[in-house]
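Residue strings, one per chain:
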Amino acid sequence: MSAGQWFTSPDGVRWHFDAGSMALDFASTGDVGTGTTRDMLRSTVDLVEWLSERFENLDSRAATDRDLADALALRSAISRLAVAVADGHPLGPDAVDTVNLFAATPDVPPVLAGGRRRAGAARLRVSQAMSSVARDAVQTLSPASGFRIRRCEAEDCRMVFHDESRTNSRRWCSMQRCGNRAKVRAHRERQKESATAAELASFS
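Residues numbered from 1 in each chain as written. Predicted model: local features only at pLDDT ≥ 70, side-chain atom pairs only at ≥ 80, totals over all residues. Heavy atoms only, no water.

Enquirer: Teacher, can you tell me more about the side chain of serine 28 here?
Expert: Note on placement: serine 28 falls in the loop between α1 (22-27) and α2 (44-52). Using a relative accessible area of 1% as the deciding quantity, one classes serine 28 as buried. Only 2.8 Å separates the side chain of serine 28 from the backbone oxygen of leucine 24, close enough to count as a polar contact. If we ignore the near neighbours within four places in the chain, the residues touching serine 28 are Gln5, Phe7, Phe17, Ala19, Arg38, Met40 and Met159. (Helix = DSSP H or I, 4+ residues; strand = E, 2+ residues; numbered from the N terminus. Buried < 20%, exposed > 50% of the residue type's maximum accessible area, 1.4 Å probe, protein only. Polar contact = N/O pair within 3.5 Å; in protein donor to acceptor, adjacent residues only side chain to side chain. Contact = heavy atoms within 4.5 Å.)

The following block contains the structure:
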């Protein structure tokens, strides 16, 4: 199962973002409170491609425009809830109802490898995959783990993620992107301070 996804920033830098949960990865295919116009799910083909990287045996032939509309509705609800949790705001009842509705439908059943038979349908429906995404959202955004939901500390980013680090100290959406930029800025600031100190010392 794939975790995270690759993005390309406006300046052409390609970087990997792992939101720490499948539900938040799904929400990140669109805008999650950052003001971007990114939309990675513009067609049923896009939806099937994203889901196929995370669910084996997905029946790609069965994806419909209704499936895409449902997926976008679920994505919007997860995004709104994730932003609310990250910012310490109350959860919107409509978004909660949407996630709960999808989570209540049959999801992708767990399978233990090594058997000779496969229980259930051989091909998974898009609706089952959406249910699994919704159930992951329920778990990720619940009070038990919601305290690990936060935003990237870069003021020009603010992407939402679930901190899976042991010390609960993740600060950046990605070290490749915002973490590295912060290091560069800190290094330049130290150089500037050193130069200023040296200049002052020359006058003493």
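Enquirer: It is not clear to me how the confidence of the model for the protein should be interpreted in this structure. Could you clarify?
Expert: Note that predicted coordinates carrying low pLDDT should not be read in detail. On average, residues of the protein score 86 in pLDDT, and 85% of them are at 70 or above. Within the protein, the lowest mean pLDDT, 65, falls on helix α7 (residues 175-203), and the highest, 98, falls on helix α4 (residues 93-103). (pLDDT = per-residue confidence, 0-100.)

Enquirer: I keep staring at the packing of aromatic side chains and nothing clicks. Help me out?
Expert: Two aromatic rings are characterised by how far apart their centres lie and by the angle between their planes. For the structure shown, the criterion picks out four aromatic pairs. Every member of this aromatic cluster is reached through a ring pair, and the members are Phe7, Trp15 and Phe17. The lysine or arginine in question, arginine 38, covers the ring of phenylalanine 7, its NZ or CZ lying 4.3 Å from the ring centre. (Phe/Tyr/Trp six-rings, centres within 6.5 Å; stacked < 30°, edge-to-face > 60°. Lys NZ or Arg CZ within 6 Å of the ring centre and 35° of its normal.)

Enquirer: Sorry if this is basic, but what is going on with the side chain of serine 131 here?
Expert: Its place among the elements puts serine 131 in helix α5 (residues 126-140). Accessibility expressed as a relative area gives 0% for serine 131, which makes it buried. From its side chain, serine 131 meets the backbone oxygen of phenylalanine 102 in a polar contact 3.1 Å long. Ignoring sequence-local partners within four residues, the contact set of serine 131 consists of Phe102, Ala103, Thr105, Pro106 and Asp107.

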